[in-house]
Amino acid sequence: MDREKLAGAGRYILAALKWAGVSAAVGVLCGLLGTGFHWAIDCATQYRSEHIAIIWLLPAAGAVTLMLYRLCRVSFDAGTNLVITSVTTNEHIPILLAPLITAGTLLSHLFGASVGREGAALQLGGSLGHNIGELLRFDEDDVRVMSMCGMAACFSAMFGTPVSAAVFVLEVICVGAFQYSAFLPCIISSCTAGWLGQRLGAMPMAFDLPEMPAAGWESVLRVAVLAALTAVLSIVLCVLLHKAADLWARLIKNPYLRIAAGGLLMAALVTVLHLEDYAGAGAHMIERAVAGETEPWAFAVKLLLTALCVGAGFRGGEIVPTLFIGATFGCAVGPLLGLDPGFAAAAAMAALFCSVVNCPVATLFLTAELFGTTNLGLFALAIAAAFVLSGYFGLYNSQRFEFSKVKRRAFEKSEE
């Protein structure tokens, strides 16, 4: 028995050394690429904000994005859902997906589509990790882990949140089944990429948290109500984002005309209604909301514009717009519940993120990294309540639910 334990310990040591080296290398590669992409997005956003008239070129940018996918013979539907699916099925991820999602997201941000950037992070990292694993002739299980390492590393480099990036990737694939076998590799790759990004001058996403409300039954009740309202908002958000693509497909059959029409409508709305703050991801609006400043309708406008752009086919992602929507919603609704608007913005932002990705543990770490706080009691309440009350909706159709949210048993399709 002792010899077997010693032999087992030896295998674990070798495995740990293997993954320490490989995942660190993936972290360096994805850290460099993710940091470069971070800078490129910032430059594109800065240029657009100074030359907002270029938003009228958004229809052409969309058509060029679609054309690039067609020329490279990569399905335009290949995206974050494919990357998530590959972790469970080992479906091949085209290596060309990495440059395509990078180019597509840059075009979207430069010309003002209401999209985020996490889609690019997950697809860029997942594609690189997956193909490196295949190049090294790893077995199927190790290729999946390599894909997760790349996803975590690029997410970390672009957002500056290494712990939540790693935990998010481990948690998002299959709700209720944490991917423990990939824990060490993802932590190493994510922290390596995050450290490298900061050394190269990439500023992490972070906000100044206002004063926390005093603990007590009143604040607990108010936060619970805010979480319940945010859970309802998350369902609306997920349904709109998924239905928007179907609606666009029914209205306009030709994909080039569809994405061009979406870009034209976005440009017209921004110009006529002076919605410049709603073009792009809108991180500056999150800062304003956490500072206690927002228009009461901001969350609804961002939700509709994001559904418009994502549904039409613009590349990028939905996470930063989700944070925008959650923060502005909380800032607007919080004072009606007797909560400080800045704190309510932060709590609703966390609750909405958790609701749409179904990752409560990652959201708790994200809250700590974004706001630099260890006082997480009320945030944990908001996250937990929103997680349960949002049901089984989510941004990613390929995400699987392994266990019920309300019972200690396997998830049943009838619960949806």
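What counts and what doesn't
Numbers given for residues are sequential positions, taken from 1 along each chain in its written order. Where local features are concerned, this predicted model is filtered to residues with pLDDT of at least 70; where side-chain atom pairs are given and counted, the filter is 80 or more; whole-chain, interface and lining totals use all residues. Values reported for side chains reflect all heavy atoms of the structure, with hydrogen atoms and water molecules removed beforehand. Nine residue types can take part in a nonpolar core, namely buried Ala, Val, Leu, Ile, Met, Phe, Trp, Tyr and Cys, and a core is a set of them joined through side-chain atoms within 4.5 Å. Partly exposed residues are those whose accessible area sits between 20% and 50% of the maximum for their type, while under 20% is buried and over 50% is exposed, using a 1.4 Å probe and protein chains only. Any pair of residues with heavy atoms lying within 4.5 Å of one another is described as a contacting pair. Two rings from Phe, Tyr or Trp (for Trp, the six-membered ring) form a pair when their centres are within 6.5 Å of each other. A pair whose planes differ by under 30 degrees is stacked, one over 60 is edge-to-face, and the rest are tilted. Numbering of helices and strands runs from the N terminus; a helix is a DSSP stretch of H or I covering at least four residues, while a strand is a stretch of E covering at least two. Only when the NZ of Lys or the CZ of Arg is both within 6 Å of the ring centre and within 35 degrees of the ring normal is a charge said to sit over the ring. Axis geometry follows a simple rule: fit a line to the C-alpha atoms, using only the stretch in contact for helices, then measure angles between N-to-C directions, giving values from 0 to 180 degrees. Small angles under 35 degrees read as roughly parallel and large ones over 145 as roughly antiparallel, with 65 to 115 read as roughly perpendicular and the rest as oblique. A crossing counts as left-handed when the near helix is turned anticlockwise from the far one by less than a right angle, and as right-handed when that turn is clockwise. Three categories are distinguished: nonpolar for Ala, Val, Leu, Ile, Met, Phe, Trp, Tyr, Cys and Pro, charged for Asp, Glu, Lys and Arg, and polar for the others, with Gly belonging to the last.

1. Re the nonpolar core
- Judged by nonpolar contacts, the single largest core of 124 residues is most densely connected at Phe 168, Ile 286, Val 357 and Tyr 396.
- Ignoring any residue separated from it by four or fewer positions in sequence, one finds Tyr 396 in contact with Thr 80, Asn 81, Ile 84, Glu 118, Leu 122, Phe 168, Val 172, Glu 318, Ile 319 and Val 357.
- With 7 residues, the next largest nonpolar core counts Val 175, Ala 350, Cys 354 and Ile 383 among its residues.

2. Focus on the packing of aromatic side chains
- Scanning the model with the defined rule gives 13 aromatic pairs in all.
- Relative to Phe 371, the ring of Phe 207 lies with its centre 6.1 Å away and its plane at 40 degrees, an arrangement referred to as tilted. Linking Phe 207 in the loop between helix H8 (183-199) and helix H9 (217-251) with Phe 371 in helix H15 (residues 360-371), this pair joins segments that are 164 residues apart in sequence. Residues Phe 207 and Phe 371 agree in their burial class; the two are buried.
- Members of the aromatic cluster, each reached through a chain of ring pairs, are Phe 155, Phe 159, Phe 168 and Phe 353.
- Stacked on the ring of Phe 138, the Lys or Arg Lys 18 has its end atom at 4.7 Å from the ring centre.

3. Describing the packing of helix H2 (residues 58-71) against helix H10 (residues 255-273)
- Between H2 and H10, the shortest axis-to-axis distance is 7 Å and the interhelical angle comes to 150 degrees. Relative to H10, the element H2 lies roughly antiparallel. At the point where H2 passes H10, the crossing takes the right-handed sense. Counting all contacts with H2, which are made through Leu 58, Pro 59, Gly 62, Ala 63, Leu 66, Met 67 and Arg 70, the residues of H10 involved are Pro 255, Tyr 256, Ile 259, Ala 260, Gly 263, Leu 264 and Met 266.

4. Thoughts on the packing of H9 against helix H13 (residues 319-333)
- Where H9 contacts H13, the two axes come as close as 11 Å, and the packing angle between them is 140 degrees. Judged by the inter-axis angle, H9 sits oblique to H13. Every pair of crossing elements has a handedness; the one defined by H9 and H13 is right-handed. Counting all contacts with H9, which are made through Leu 226, Leu 229, Thr 230, Leu 233 and Leu 237, the residues of H13 involved are Thr 322, Ile 325, Phe 329, Gly 330 and Val 333.
- Among the residues making up the contact of H9 with H13, the classes are represented as 7 nonpolar, 3 polar and no charged.

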